[in-house]
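# Observations on the model geometry
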Amino acid sequence: MSSSTLIYNARLLDEKSDTPGAVLISDGKIRSVFHGYFTSAATVESFAKATLKEDGHSENEKISLYDAHGLTLTPAFIDMHVHLRYPGQTQKEDLNSGLHAAAAGGFGTVVAMPNTNPVVSSVETAMKIEREAAAIGLTHLFQTVSITKDFDGKDTSHLDSLEKKYIPVISEDGKDVIDSAVMLEGMAKAGMKGIVVSCHSEDLLLSEKSKPLRKEALEIMKEVGLSAWGTDNNRTDSSEKSSNGDSEILENAISKIDAKLSQANKILAMSEDIATERNITLAEQARCHVHIAHVSTKKSLDSVRRGKELAKKTGTFEVTCEVTPHHLALCGTKEPFIRALVNPPLRSEEDRLALIQGLFDGTADVISTDHAPHTLEDKANGAPGFTGEETAFAVANSVLVKDFGMNPCLLSKLMSANPARILGLNKGLLQTGYDADLTLIDPDEQWTVNSEVFYSKGKATPFEGKTLTGCVKGLFIDGRLVLER
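Residues numbered from 1 in each chain as written. Predicted model: local features only at pLDDT ≥ 70, side-chain atom pairs only at ≥ 80, totals over all residues. Heavy atoms only, no water.

## Topic: the overall build of the protein chain
The secondary structure content of the protein chain amounts to 14 helices and 16 strands. Relative to the 2.2 N^0.38 estimate, which gives 23 Å for 485 residues, the radius of gyration of the protein chain is 23 Å and therefore close to what a compact globule would have. The dimensions of the protein chain, computed from C-alpha atoms along their principal axes, are 75 × 55 × 40 Å. The buried share of the protein chain, reckoned over its 485 residues, is 59%. Within the protein chain, counting contacts between residues at least 6 apart in sequence, those at least 24 apart form 75% of the total. As presented, the protein chain carries roughly 19,200 Å² of accessible surface, and 50% of it is formed by carbon and sulfur atoms. Taking the 52 positively charged and 68 negatively charged side chains of the protein chain as two groups, their mean positions are separated by 2 Å. (Helix = DSSP H or I, 4+ residues; strand = E, 2+ residues; numbered from the N terminus. Rg over C-alpha atoms; globule rule 2.2 N^0.38 Å. Buried < 20%, exposed > 50% of the residue type's maximum accessible area, 1.4 Å probe, protein only. Contact = heavy atoms within 4.5 Å. Areas by Shrake-Rupley, 256 points an atom, 1.4 Å probe, with all protein chains shown as cover. Lys, Arg positive; Asp, Glu negative; His and termini not counted. Charge placed at Lys NZ, Arg CZ, Asp CG, Glu CD.)

Shown next, in the form of structure tokens:
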């Protein structure tokens, strides 16, 4: 039995248009888009019935009506980079909590990384996870498979059985493949199948030099009760005593922390820049589509820009990249965000502005969250990463649209249309025939971040207590309303 829904009285926004109108959904697809100020259902409902009659539907067929009350209807966001910690680390996140967080963030599709326990290295395991996710009935999930079997850094034989229609992306995320010959082999296999290789670009041998520095900084942070996610409101009682009783001790501690982390971050910047250049060079040789994950430095972005120019010239390979909301919003050389431990680290203001410019000029293709939930205990012990699904749109909207004047159509392109194209999905646009994964947003509503109400089990966010602009109000998956606030 067919089902149809008419969403009216909406502002329709995608990469190509920003106009008032209504959307008719039939059997999980966008059937028609009607432009105009339809504040009541009567007129547009008659258009919808006429359209369905053309398709052979009965004139008496009931259409479910949804009044958007002037909210913005946009293609659901697509996140190419999440860590759902499943299987094996469900104390940090599980499919249920992670997909609820994704839905609350307006994401219709997420791509999960394979650095789980055990590592996802087979199509059978990936498909099992996807089936379990589908049974929850919320956000769609694609599960990536590792580049090397079980992250051993050597064996790519498991890639021989992969098919793009089941596994559109492979990744070693959480780390990089150290051996360039092995990476080249994996890329070549992916290239022949049209599978995207998502690269966590990091020279791991060089990065080892940063670990003692981070460890020393973390020990001092624990002594004075400073958090490892860039907020000062997580100090322990001892830190309050220290700051109130002897501010000089606290300031000396912060100075030592910042010095250690600055040294570590310089090493990690070199590590990213070297590995980014390597991975693009290997992708050219392998004739594959390389997607550089969480680009965070100006130099790495410049490497992507040159790689794109070469790819366009040769036509033999492809380069795309993503940036995260936290790298767009936060400066990692300033207090307190230098202490917000994440990989790659938060960078300088020059790097941050370069990333923003890269989104404007098309060098950067996608905004992805790198959602990395941890228990507060693990985070306090230095586990890198933040929870990000439920703040992503608001952070991106606040920084890019409200602060830098980005056209909202471009933001839709970065969060919906571009990732859909990279993944080969029939999503990301408000056009006839596209999947009806749609997000309702209020781009002007302000709200204050409170991690206690997150669906995600991960509560560590550097945006705690911050006021952001832009709120997700609803989510349709395959035309079904699955979230409403």
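## Regarding helix H3 (residues 123–136)
Each α-helix winds once per 3.6 residues, and so residues spaced three or four apart point in a common direction. For H3, spanning 14 residues, the distance from its first C-alpha to its last is 20 Å, which sits close to the expected 20 Å at 1.5 Å a residue. Where H3 is concerned, the buried positions are Val123, Ala126, Met127, Ile129, Glu130 and Ala133. The buried residues of H3 all sit within an arc of 160 degrees when viewed along its axis, so they share a single face. In H3, the exposed positions angled more than 90 degrees off the buried face are occupied by Glu124, Arg131 and Ala135. (Expected span 1.5 Å × (residues − 1). Arc of directions from axis to C-beta.)

## Describing the side chain of Ser121
Note that Ser121 resides in the loop between strand S7 (107–112) and H3. Given a relative accessible area of 8%, Ser121 falls into the buried group. At 2.6 Å, the side chain of Ser121 forms a polar contact with the side chain of Ser146. Look past the residues within four positions of Ser121 in its chain and what remains in contact with it is Val145, Ser146, Thr148, Lys149, Asp150 and His158. (Polar contact = N/O pair within 3.5 Å; in protein donor to acceptor, adjacent residues only side chain to side chain.)

## Some points on the packing of helix H13 (residues 392–403) against helix H14 (residues 408–423)
Between H13 and H14, the shortest axis-to-axis distance is 11 Å and the interhelical angle comes to 140 degrees. Taken together, the axes of H13 and H14 lie oblique to each other. Read as a crossing pair, H13 and H14 show a hand that is right-handed. Residues Phe393, Ala396, Asn397, Leu400 and Val401 of H13 touch H14, and the partners they reach there are Pro408, Leu411 and Met415. Looking at the contact of H13 with H14 residue by residue, the class counts come to seven nonpolar, one polar and no charged. (Axes fitted to C-alpha atoms, helices over the stretch in contact; angles between N-to-C directions. Parallel < 35°, antiparallel > 145°, perpendicular 65-115°, else oblique. Left-handed = near helix turned anticlockwise from the far one by under 90°. Nonpolar A, V, L, I, M, F, W, Y, C, P; charged D, E, K, R; others polar.)

## With respect to the sheet that holds S7
Spatial ordering of the open sheet is given by S6-S7-S8, a layout of three strands whose pairing is parallel. Both outer strands of the open sheet, strand S6 (77–82) and strand S8 (140–143), are each paired with one neighbouring strand and no more. Shown here is a sheet whose adjacent strand axes are inclined to one another by a mean of 15 degrees, direction ignored. Across four bridges, the pairing between S7 and S8 is parallel. Counted as the bridge partner of Val110 is Leu141 from S8. Sheet contacts for H14: S6 and S7; angle to S6, the most-contacted strand, approximately 60 degrees. (Pairing = 2+ DSSP bridges.)

## Quick notes on a nonpolar patch on the surface
Among the surface-exposed residues, Leu353, Phe360 and Phe404 lie close enough to one another that they form a single nonpolar patch of about 240 Å² accessible area. For Phe360, the location among the structural elements is in helix H11 (residues 349–361). (Patch = residues over 30% accessible without salt bridge, like charges linked within 9 Å, V, L, I, M, F, W, Y side chains within 5 Å. Salt bridge = Lys/Arg side-chain N within 4 Å of Asp/Glu carboxyl O.)

## Focus on the pattern of salt bridges
Scanning all chains against the criterion turns up 23 salt bridges. With its nearest N and O atoms 3.3 Å apart, the salt bridge here joins Asp361 to Arg305. Of this pair, Asp361 sits in helix H11 while Arg305 sits in helix H9 (residues 298–314), and the two are 56 residues apart along the sequence. A relative accessible area of 39% places Asp361 in the partly exposed class. A residue is classified by how much of its surface remains accessible, and Arg305, at 26% relative accessible area, is partly exposed. Salt bridges here are not isolated pairs; linked through shared partners, they connect Lys29, Lys427, Asp435 and Asp437.

## Side note on the confidence of the model for the protein chain
Counting all residues, the mean pLDDT for the protein chain is 95, and 97% of those residues have values of 70 or more. Within the model, the stretch residues 233–243 combines pLDDT values under 50 with 18 contacts to residues more than four positions away or in other chains. (pLDDT = per-residue confidence, 0-100.)

## Re unusual backbone geometry
In this structure, the amide linkage connecting Tyr86 to the following residue, Pro87, adopts the cis form with an omega of 5 degrees. Mapping Pro87 onto the fold places it in the loop between S6 and helix H2 (95–104). Glu335 connects to Pro336 through a cis peptide bond whose omega is -5 degrees. If you trace the backbone, Pro336 turns up in the loop between helix H10 (325–329) and H11.

## Some points on the nonpolar core
For soluble globular proteins, nonpolar side chains are generally found buried alongside one another. Within the largest apolar cluster, 82 residues are counted, with the highest numbers of intra-cluster contacts made by Ile170, Met187, Leu359, Ile367, Leu400 and Leu411. Filtering out sequence-adjacent residues up to four positions away, Met187 remains in contact with Val197, Cys199, Asn279, Leu282, Ala283, Ala286, Cys288 and Val290. Ile7, Tyr66, Ala436 and Leu438 belong to the second largest nonpolar core, which has 15 residues in total. (Core = buried A, V, L, I, M, F, W, Y, C linked by side-chain atoms within 4.5 Å.)

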